Amino acid sequence: RFESVKVRGEASLLIEDTQRRKAKAQEEVSKRIADRLEDIYGLTLGLKKELEANDNQTQLLMQAFKHLEFVLTQSKRPLKIALKCLNIREEKVDIENVKDFVEKCLKREVDVIRDYQGKINILLQLIEMQIFEFEMCFDDARRFDSAAQNVLLRWNIIGRAQALD
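Values in this document were obtained by computation on a predicted structure and should not be read as measured data.

Turning next to the pattern of salt bridges. Under the definition given, this model contains six salt bridges. Among the ionic pairs, Arg 20 bridges to Asp 17, the shortest N-O distance being 3.4 Å. Of this pair, Arg 20 and Asp 17 both sit in helix α1 (residues 2-91), separated by three residues, roughly a single helical turn. On the basis of relative accessible area, Asp 17 is assigned to the partly exposed category, the value being 28%. In this structure, Asp 115 and Lys 119 form a salt bridge, with 3.5 Å as the shortest nitrogen-oxygen distance. Placement of the pair is Asp 115 and Lys 119 together in helix α2 (residues 101-164), with a separation of four residues, close to one helical turn. Judged by relative accessible area, which is 41%, Lys 119 ranks as partly exposed. One network of salt bridges, with partners in common, ties together Asp 17, Arg 20 and Arg 21.

Put into structure tokens, the structure is as follows:
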């Protein structure tokens, strides 16, 4: 009988010690999870700010793209006129065919317009690539934000369930 009382006493001490260690471990884990959730929350706030900035940049790039497209279409008219003038001058024969400063300026104007049209086309391609990259990043960020929101929601549910216990 003495042995049984002794064993029960040791068992209750072991149970109490195990419960204390379990409670302490649970407390530490809960603290680490809470710290991690704070980090996730901070990241989601930062991510939302970055997404907003990204969206603003994308809108600015779209406006620049439209403006450059307009400039490119508007540059076709002066090029067409300069080429028409050059063709008219080249069609002249003999004494009427004059190689003068005006023709030189027309050729230079055609070269400058074509050069800038090429630069505008390069800019348009760069803007398209940047918009595409922004959209890809935006999609990735949205997926991350959604996953983070799910983690925070699950933790809220777990916290409420533990509060009920």
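In protein structure, a disulfide is the covalent linkage between the sulfur atoms of two cysteines. Summed over all chains, the structure comprises zero disulfides. Here Cys 105 stays unpaired: no disulfide links it, and the sulfur of Cys 85, its closest cysteine neighbor, is 12 Å away. A relative accessible area of 25% means that Cys 105 is categorised as partly exposed.

Turning our attention to the environment of Lys 107. Among the secondary structure elements, Lys 107 is positioned in helix α2. Here Lys 107 falls in the partly exposed class, since its relative accessible area comes to 38%. Residues Lys 107 and Leu 86, 21 residues apart in the sequence, show an inter-C-alpha distance of 7.6 Å.

Moving on to the side chain of Thr 44. Within the secondary structure, Thr 44 is located in helix α1. At 2.6 Å, the side chain of Thr 44 and the backbone oxygen of Tyr 41 are in polar contact. Contacts of Thr 44, omitting those with residues within four sequence positions, involve Asp 145, Ala 148 and Gln 149.

The rules behind these values
Residues numbered from 1 in each chain as written. Predicted model: local features only at pLDDT ≥ 70, side-chain atom pairs only at ≥ 80, totals over all residues. Heavy atoms only, no water. Salt bridge = Lys/Arg side-chain N within 4 Å of Asp/Glu carboxyl O. Helix = DSSP H or I, 4+ residues; strand = E, 2+ residues; numbered from the N terminus. Buried < 20%, exposed > 50% of the residue type's maximum accessible area, 1.4 Å probe, protein only. Disulfide = S-S within 2.5 Å. Polar contact = N/O pair within 3.5 Å; in protein donor to acceptor, adjacent residues only side chain to side chain. Contact = heavy atoms within 4.5 Å.

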